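The lines below spell out each chain.
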Amino acid sequence: MKNTLARFSNSFLAIAALTMLSPTAQAQVIANPSLTGPVASGTAPIDWFAWQNTPDTVDAGGPFNNTGVPWTLSPDGGTFVRGGGSSLFPSSEAIGQNITGFTIGDTYQVFFFQTNLGFEHPPTGNWLGEDGYWELVVNGTPTDTSTVLTKPTVATDPIVWSTDTMTFVAPSTTVELAFVSRSSAALAAYMGIDGIHFVPVSPSVPEPSTALLAMGASLGLLAISRRNRN
Ligand SMILES: *[C@@H]1O[C@H](CO)[C@@H](O)[C@H](O)[C@H]1NC(C)=O
Ligand SMILES: *[C@@H]1O[C@H](CO)[C@@H](O)[C@H](O)[C@H]1NC(C)=O
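The structure presented is a predicted model; accordingly, all values stated were derived computationally and were not measured.

Peer 1: What am I meant to see in the site of ligand 1 here?
Peer 2: The local shell around ligand 1 consists of Gly-61, Asn-65, Thr-67, Val-69 and Pro-70. Between ligand 1 and the protein, one listed contact pairs an oxygen atom with a backbone N or O atom of Gly-61 at 2.8 Å. For ligand 1, an oxygen atom lies 2.2 Å from a polar atom in the side chain of Asn-65. Alone, ligand 1 offers 360 Å² of accessible surface; in the complex the protein occludes 43% of this.

In structure tokens:
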């Protein structure tokens, strides 16, 4: 009996420990998540700074809306940020914000809208751009990347926004977050981003070890109930 109880309490402790380890981070607040700001090239939105090079605050009228179709706003509306990014990290444009109130070691998730705008070179009419994505840099460390969006095939393709999330583990209580436009090619991808805010970390699919532990725990309980019946 003592042995069974000990085993039961061990399983209980294991489950309790796993529950405590699972991410329970509170959502943090990003200032100006809608990237609202005066429309201007080489200017970050209010409460954000140009973390690297010269990202643009734009609306449907540009600047740089050199495409065959009118730009579509993200579901977040208003202005958004356009950044040119390449495989060369230092050449890529980025916005950043310093945010406080994190719990060190907790996992956080940022949600945002992204699009690949493409770019028609004004004098030549050449359709430029590359497949591109956004990279999350936390306290200077590249940490996560968004889904790669293919460049619109032709200039007359519509501007399509999609949703994405990136996650990081807080290394400090105040965190410098940067969103860097990137491409895996040497030429620039012209990416749009908007509506950046924290969302609760979605419960992850249990790791095999967790699943096995849980299975072991239920087998243990089964054994106890069998034994009690016998
Ligand atoms: C770009 O925006 C300007 C207004 O700033 C507008 O006149 C022009 O038609 C737009 N270009 C495209 C391709 O929609
Ligand atoms: C943001 O934080 C970084 C790292 O501490 C610091 O170097 C930078 O000056 C801060 N930027 C602003 C605009 O406060």
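Okay, back to it.
Peer 1: Help me out: how do you make sense of the pairing of strand 9 (residues 141-145) in this one?
Peer 2: Two faces make up the sheet, and in a regular strand the side chains alternate between them. When strand 8 (residues 132-138) meets strand 9, the two strands line up antiparallel, connected through four bridges. Residue Val-137 lies in a different strand from strand 9, and its bridge partner there is Pro-142. Linkage of strand 8 to strand 9, two consecutive antiparallel strands, is achieved through a turn of two residues, within which Asn-139 is found at a positive phi near 50 degrees.

Peer 1: Could you clarify how one ought to interpret the pattern of salt bridges in this entry?
Peer 2: Tallied over the full model, the rule gives two salt bridges. Of the charged contacts, one joins Arg-182 and Glu-135 as a salt bridge, the two residues approaching to 2.6 Å between their closest N and O atoms. Of this pair, Arg-182 sits in strand 11 (residues 175-183) while Glu-135 sits in strand 8, and the two are 47 residues apart along the sequence. Accessibility expressed as a relative area gives 10% for Glu-135, which makes it buried.

Peer 1: Explanation requested: the sheet that holds strand 12 (residues 189-199) in the structure shown.
Peer 2: Each strand in a sheet pairs with another by means of backbone hydrogen bonds, the pair being arranged parallel or else antiparallel. Strand order across the open sheet formed by five strands is 2-3-12-5-10, with antiparallel pairing between neighbours. A single partner strand is all that each edge strand has here, and the edge strands are strand 2 (56-58) and strand 10 (162-169). When strand polarity is set aside, the average angle formed by the axes of neighbouring strands in this sheet is 40 degrees.

Peer 1: Help me out: how do you make sense of the nonpolar core in this one?
Peer 2: Soluble, globular proteins show a tendency: their nonpolar side chains are buried together. The biggest cluster of nonpolar side chains holds 26 residues, and the ones touching the most others in it are Phe-168, Leu-177, Phe-179, Ile-196 and Phe-198. Those elements that place two or more of their residues in this core are strand 4 (94-99), strand 5 (107-116), strand 8, strand 10, strand 11 and strand 12. Residues Phe-111, Phe-113, Leu-117 and Trp-161 belong to the second largest nonpolar core, which totals nine residues.

The rules behind each value
Residues numbered from 1 in each chain as written. Chains lettered and ligands numbered in written order. Predicted model: local features only at pLDDT ≥ 70, side-chain atom pairs only at ≥ 80, totals over all residues. Heavy atoms only, no water. Near = heavy atom within 4 Å. Polar contact = N/O pair within 3.5 Å; in protein donor to acceptor, adjacent residues only side chain to side chain. Areas by Shrake-Rupley, 256 points an atom, 1.4 Å probe, with all protein chains shown as cover. Pairing = 2+ DSSP bridges. Helix = DSSP H or I, 4+ residues; strand = E, 2+ residues; numbered from the N terminus. Salt bridge = Lys/Arg side-chain N within 4 Å of Asp/Glu carboxyl O. Buried < 20%, exposed > 50% of the residue type's maximum accessible area, 1.4 Å probe, protein only. Axes fitted to C-alpha atoms, helices over the stretch in contact; angles between N-to-C directions. Core = buried A, V, L, I, M, F, W, Y, C linked by side-chain atoms within 4.5 Å.

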